[in-house]
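One letter stands for each residue in the lines below.
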Amino acid sequence: MKRCLITGCEGFIGSHLADFLVKNGHEVYATVYGDTKNINHLKGRIAMLGCDMNNERRVLEVVHEAKPEYIFHLAAQSFVTVSWEDPALTLKTNVLGTLNLLESVRGSGLNSLIEIVGSSSVYGSRSESEPPLREETGFRPTSFYAISKVGEEMLGYLYYKVYGMRVIRVRPFNMTGPRKTSDACSDFTKGLVEIEKGLRDILEIGNLDTVRDFTDGRDAVKALWLLTEKGVSGEVYNLCSGKGYKMKDVLEKAILLSGLKDVKIRQVTEKLRPYDDPIYIGDNSKLRALGWESKISIEKTLSDMLDYWRQSL
């Protein structure tokens, strides 16, 4: 049994990670800041600690209380669209929040293994002629969110290099699945269930021409755990399926799985970003070399998301 701290545990990946850790008998401390509906079923089985990562003193208190052997740093302002609306909040939460955590661990004298879960958005704009993105590919951030994730990563590397701390950096590509909100797969499946229930007539969509690499969150948390066992401090690992899906095809799969006929679709400007990278596919060979693979199909993911929204709406 390991003492584990998950920051931002109430989020999509954090909640699935908590499920995984509890199921495998580990002791879980969870920082929470927003709605805890994703982890309310774990009350009494994990320690929920209210914490704003921007509050330096509170972060230190949490680290002192948990004394974690493993830390999974997931707390962040995690929406690209929000980063355009409030760049300062995004940079403050993601960069300075990470700094507060690293300083708290260093100051406490703990030898915790810290996984900083960043984002593939650091790679930025790429052309279709380029090969799948590898860990050594340079940064080309195209949003304030992506810039904040570059900052997170570089802080993690600095604390590894200068202070000898055990830090592993993870770059997830598009993580989706049940409990996910505010991404395309979630918007598709939620909208379809709303049509199914008579709550709307038209499915509103954004850009369907982009290509994305999707991994089910339930597969992703197994990768995060594997990295505690086999990952190398100071290294960075892509977390992705290695497969690209055009959003138009993903929507068609979701509609087919929903069983609905003649779904009316309308593109709305509110769902279009100031800049949308046309293609994003990752190379996961480094993670696969450790024994991980993406097992849950996109069809299974979408089907489970439809069922999730049927139960939630």
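Please refer to the structure placed before this passage.
A short tour of the structure in this document, coming up. (Residues numbered from 1 in each chain as written. Predicted model: local features only at pLDDT ≥ 70, side-chain atom pairs only at ≥ 80, totals over all residues. Heavy atoms only, no water.)

Quick word on the overall build of the chain
Piece 1. Assigned secondary structure in the chain consists of ten helices and 13 strands.
Piece 2. The globule rule puts the C-alpha radius of gyration for 313 residues at 20 Å, and the 19 Å found for the chain is close to it.
Piece 3. With the C-alpha coordinates of the chain rotated into their principal frame, the extents come out at 60 × 45 × 40 Å.
Piece 4. The proportion of buried residues among the 313 residues of the chain is 51%.
Piece 5. Within the chain, counting contacts between residues at least 6 apart in sequence, those at least 24 apart form 79% of the total.
Piece 6. Total accessible area on the chain is roughly 14,100 Å²; 49% of this is exposed by carbon and sulfur atoms. (Helix = DSSP H or I, 4+ residues; strand = E, 2+ residues; numbered from the N terminus. Rg over C-alpha atoms; globule rule 2.2 N^0.38 Å. Buried < 20%, exposed > 50% of the residue type's maximum accessible area, 1.4 Å probe, protein only. Contact = heavy atoms within 4.5 Å. Areas by Shrake-Rupley, 256 points an atom, 1.4 Å probe, with all protein chains shown as cover.)

As for the side chain of Glu135
Piece 1. Along the chain, Glu135 falls in the loop between β5 (113-117) and α5 (144-163).
Piece 2. There is no salt bridge for the buried Glu135, and the closest opposite charge comes from Lys286, which lies 5.2 Å off by N-O distance.
Piece 3. Of the polar contacts made by the side chain of Glu135, one reaches the backbone nitrogen of Asn238; its length is 2.8 Å.
Piece 4. Once residues within four sequence positions are removed from consideration, Glu135 is found in contact with Tyr123, Arg171, Val236, Tyr237, Asn238, Asp283 and Lys286. (Lys, Arg positive; Asp, Glu negative; His and termini not counted. Salt bridge = Lys/Arg side-chain N within 4 Å of Asp/Glu carboxyl O. Polar contact = N/O pair within 3.5 Å; in protein donor to acceptor, adjacent residues only side chain to side chain.)

Regarding the packing of helix α8 (residues 247-258) against helix α10 (residues 298-312)
Piece 1. α10 packs onto α8 with a crossing angle of 55 degrees between their chain directions and a minimal axis gap of 10 Å. Judged on the interaxial angle alone, α10 and α8 are oblique. α10 is crossed by α8, and the crossing has right-handed handedness. Residues Val250, Lys253, Ala254, Leu257 and Ser258 of α8 form the contact with α10, whose participating residues are Ile298, Glu299, Leu302, Ser303, Leu306 and Arg310. (Axes fitted to C-alpha atoms, helices over the stretch in contact; angles between N-to-C directions. Parallel < 35°, antiparallel > 145°, perpendicular 65-115°, else oblique. Left-handed = near helix turned anticlockwise from the far one by under 90°.)

A few points about the environment of Val170
Piece 1. Among the structural elements, Val170 can be located in strand β6 (residues 166-172).
Piece 2. When its relative accessible area of 1% is taken as the criterion, Val170 is described as buried.
Piece 3. Through-space distance from the C-alpha of Val170 to that of Ser83 is 20 Å; in sequence the pair is 87 residues apart.
Piece 4. Beyond its immediate chain neighbours, meaning those up to four positions away, Val170 contacts Glu115, Ile116, Val117, Gly118, Ser119, Leu224, Leu227, Tyr237 and Leu239.

Thoughts on the pairing of β6
Piece 1. Most of β6 sits inside the fold, with six of its seven residues counted as buried.
Piece 2. Two elements, β5 and β6, share five bridges in a ladder whose sense is parallel. Within β6, the position partnered with Leu113 by the bridge is Arg166. (Pairing = 2+ DSSP bridges.)

Some words on α5
Piece 1. Helix length check: α5 (20 residues) gives 28 Å between terminal C-alpha atoms against 28 Å at 1.5 Å per residue, within 8%.
Piece 2. Along α5, the residues classified as buried are Tyr145, Ala146, Ser148, Lys149, Val150, Gly151, Glu152, Glu153, Leu155, Gly156 and Tyr159.
Piece 3. Lining the buried residues of α5 we find α3 (80-85), α4 (87-108), β5, β6 and β11 (236-239).
Piece 4. Among the residues trailing α5, Gly164 stands out with phi positive, at a value near 70 degrees. (Expected span 1.5 Å × (residues − 1).)

Thoughts on the packing of aromatic side chains
Describing an aromatic ring pair means giving the distance of the ring centres and the angle of the ring planes.
Piece 1. The final tally for this structure, using the stated rule, is eight aromatic pairs.
Piece 2. Three or more aromatic residues joined by ring pairs make a cluster, and in this case those are Phe20, Tyr70 and Trp225.
Piece 3. Positioned over the ring face of Tyr237 is Lys286, at 4.9 Å from the centre of the ring. (Phe/Tyr/Trp six-rings, centres within 6.5 Å; stacked < 30°, edge-to-face > 60°. Lys NZ or Arg CZ within 6 Å of the ring centre and 35° of its normal.)

What about the sheet that holds strand β2 (residues 27-32)?
In sheet architecture, strand pairing relies on hydrogen bonds along the backbone and comes in two forms, parallel and antiparallel.
Piece 1. Taken together, the seven strands give an open sheet; going across it, the order is β3-β2-β1-β4-β5-β6-β11, and neighbouring strands pair in parallel fashion. With partners counted over all chains shown, the strands left at the sheet margins are β3 (47-50) and β11, one partner each. If you compare each strand with its neighbour and ignore which way they point, the axes differ by 20 degrees on average.
Piece 2. Of the strand pairs in this sheet, strand β1 (residues 3-7) and strand β4 (residues 70-73) are connected by four bridges, and their pairing is parallel. When the bridges of β4 are listed, Ile6 appears paired with Phe72.
Piece 3. Its contacts with the sheet place helix α2 (residues 56-66) against β1, β2 and β3, and it is angled at close to 165 degrees to β3.
Piece 4. Sheet contacts for α5: β5, β6 and β11; angle to β6, the most-contacted strand, approximately 155 degrees.

Concerning the nonpolar core
Piece 1. Counting residues in each nonpolar core, the largest one holds 36 residues, and the members touching the most others are Ile6, Ile13, Leu17, Leu21, Phe72, Leu224 and Leu239.
Piece 2. Of all elements in the fold, only β1, α1 (12-23), β2, β4, β5, β6, α7 (217-230) and β11 reach the threshold of two or more residues within this core.
Piece 3. If we ignore the near neighbours within four places in the chain, the residues touching Leu239 are Val170, Arg171, Pro172, Phe173, Met175, Thr215, Ala220, Ala223, Leu224, Leu287 and Trp292.
Piece 4. Among the nonpolar cores identified, the runner-up in size contains 22 residues, and Val193, Tyr245, Met305 and Trp309 belong to it. (Core = buried A, V, L, I, M, F, W, Y, C linked by side-chain atoms within 4.5 Å.)

What about the side chain of Asp216?
Piece 1. Among the structural elements, Asp216 can be located in strand β10 (residues 214-216).
Piece 2. Polar contacts involving the side chain of Asp216 include one to the side chain of Arg218, which spans 2.8 Å.
Piece 3. For Asp216, the side chain forms a polar contact with the side chain of Thr301, separated by 2.7 Å.
Piece 4. Leave out the neighbours within four places in its chain, and Asp216 touches Thr176, Gly177, Pro178, Ile296 and Thr301.

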